[in-house]
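# Structural overview for review
Below are the chains, spelled out letter by letter.
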Amino acid sequence: MRFIDACLGRPVDTTPVWVMRQAGRYLPEYRELRAQSDFLTMCRTPELAAEATLQPMRRFDLDAAIIFSDILIPVEAMGMAVEFRPAPYFPAPITGKEDIARLVIPHPKRDLGFVLEALRQVRAALDPKKALIGFVGAPFTLAAYMVEGGGSKDFMQLKGMMHRDPAAFSDLLAKLADTIAPYLAAQIDAGANAVQLFDTWAGQLAPEDFAKFALPAARSVIERVRREGVPVIYFVNGAAPYLDVLRSSKADVLGIDFRVDLSQAIERLGRDVVVQGNLDPAVLLGPAAQIEARAAAIVEKGKAAKGHIFNLGHGINKDTDPQAMSVLVDAVHKAGAR
Ligand code: CP3
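Described in the following lines is the structure provided in the data block. (Residues numbered from 1 in each chain as written. Predicted model: local features only at pLDDT ≥ 70, side-chain atom pairs only at ≥ 80, totals over all residues. Heavy atoms only, no water.)

### A few points about helix α13 (residues 262-269)
- Taken together, the buried positions of α13 are Leu-262, Ala-265, Ile-266 and Leu-269. Taken down its axis, α13 places every buried residue within 95 degrees of arc, on the same side.
- Backbone geometry just downstream of α13 places Gly-270 in the positive-phi region, at approximately 110 degrees. (Buried < 20%, exposed > 50% of the residue type's maximum accessible area, 1.4 Å probe, protein only. Helix = DSSP H or I, 4+ residues; strand = E, 2+ residues; numbered from the N terminus. Arc of directions from axis to C-beta.)

Written out as structure tokens, the structure reads:
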């Protein structure tokens, strides 16, 4: 698989490409499927999740599929109610030690079996040359949602708890790592060829706190799921201030957001890394010629690293014209041809 070869730093015939949130609302066929069931029902029904995963694979020449689910699905299995409006909302957020003690560690097969079944169905239907990616939210990002009760502008509830009671906060991160590591391993057993940890909110932290809280929690998951030939990708949204310590995450691939110049990221990380990224999703709202030029520039920059997987620097915007995705995927494969 071209995608797996690139993740492991092996030679490839061209740069592989997939896109964060490639299964989603910018696709009319997704909106049609979604009109018949709510988002959580789609996540919990293997046939629907598998169909949503495969939709972008039929339309575009993507090198990998990512399983249709959400980072908050295992949090629900820990005993917290979650709603999607469509942004995530927790009616009863975590306020302290007692709430953390009440969280349960789910059993992947018993409590999250519907995701594993969706993975099996997708792997059976997918072209053998295309990879299937499993994923989780990294512990810090999940803790952010659980303590804030949703998104936030400044994350003061979360940071308040982190500084007031670092021991309780570390317990929360440890409980999340104990939930996520076996769940991710089960995803690999069910057919995922690679896995990604999304640390969407880690970029909110001072570098010292990133190194103290978010990074070791992610590393503890990565160390437990490492397996021969199954790459682990760690995506930190807003990674620029932490590039000097990111390698110690032990991930095979580092996902880079769009706020960093990819050449600079590679220089700071070291040329023996494998990177993923990092076109600004907003470029897809502009003209085709510009998409092609900006994609080709990133492909060229990526050639300085040991390996490069093309992606957007964050999720695709729901107002994107699917035609822009076609232009992007073809431009990457053309520019990346060796
Ligand atoms: O990438 C994919 O195509 C696979 C599916 C996927 C979803 N969420 C589906 C989804 C993945 C990998 C995620 C990860 C996820 N979920 C992240 C990490 C990625 C990132 O953006 O940084 C985060 C932070 C979440 C939490 C979440 N779930 C948010 C913020 C939202 C609202 C999105 C919005 O634009 O309003 C969701 C809901 C969600 N997750 C949707 C989808 C397709 C939209 C739900 C709908 O159809 O109404």
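### Concerning unusual backbone geometry
- Here the bond from Arg-85 into Pro-86 is cis, since omega is -10 degrees, no more than 30 degrees from zero.
- With respect to the helices and strands, Pro-86 occurs in the loop between β2 (83-84) and β3 (88-89).
- Cis geometry is adopted by the peptide bond preceding Asn-278, which originates at Gly-277 and carries an omega value of -15 degrees.
- The backbone of Arg-21 sits at a positive phi, close to 65 degrees, despite the residue not being glycine.
- Tracing the backbone shows Arg-21 in the loop between α1 (2-7) and α2 (28-36).

### Remarks on the site of the ligand
- The immediate surroundings of the ligand are formed by 23 residues, with Arg-25, Tyr-30, Asp-70, Thr-200 and His-314 found nearest.
- The separation between an oxygen atom of the ligand and a polar main-chain atom of Ala-23 is 2.9 Å.
- A distance of 2.8 Å is found between an oxygen atom of the ligand and a side-chain nitrogen or oxygen belonging to Arg-34.
- Calculation on the ligand without its partners gives an accessible area of 890 Å², and the protein chains cover 89% of this total.
- When atoms are counted within 2 Å of each cavity's grid points, the one that captures over half of the ligand is the largest pocket.
- A breakdown of the residues in the shell around the ligand according to their chemical character gives 15 nonpolar, 4 polar and 4 charged. (Near = heavy atom within 4 Å. Polar contact = N/O pair within 3.5 Å; in protein donor to acceptor, adjacent residues only side chain to side chain. Areas by Shrake-Rupley, 256 points an atom, 1.4 Å probe, with all protein chains shown as cover. 1 Å grid on protein atoms, 1.4 Å probe; cavity = no way out; pocket = protein on both sides within 12 Å on 5 of 7 lines; lining within 4 Å. Sits in = over half its atoms within 2 Å of the grid points. Nonpolar A, V, L, I, M, F, W, Y, C, P; charged D, E, K, R; others polar.)

### Notes on the sheet that holds strand β5 (residues 194-199)
- Strand order in the open sheet formed by 7 strands is β1-β4-β5-β6-β7-β8-β9, with parallel pairing between adjacent strands. Pairing within the sheet leaves two strands with one partner each, and these edge strands are β1 (64-66) and β9 (307-312). Shown here is a sheet whose adjacent strand axes are inclined to one another by a mean of 25 degrees, direction ignored.
- Judged from the 4 bridges that link them, strand β6 (residues 232-236) and strand β7 (residues 253-256) form a sheet pairing that is parallel. Directly across from Val-236, in β7, lies its bridge partner Ile-256.
- Sitting on the sheet, helix α11 (residues 166-189) touches β4 (131-137) and β5, and the angle it makes with β4 is about 170 degrees. (Pairing = 2+ DSSP bridges. Axes fitted to C-alpha atoms, helices over the stretch in contact; angles between N-to-C directions. Contact = heavy atoms within 4.5 Å.)

Any functional reading would require information that these geometric values do not contain.
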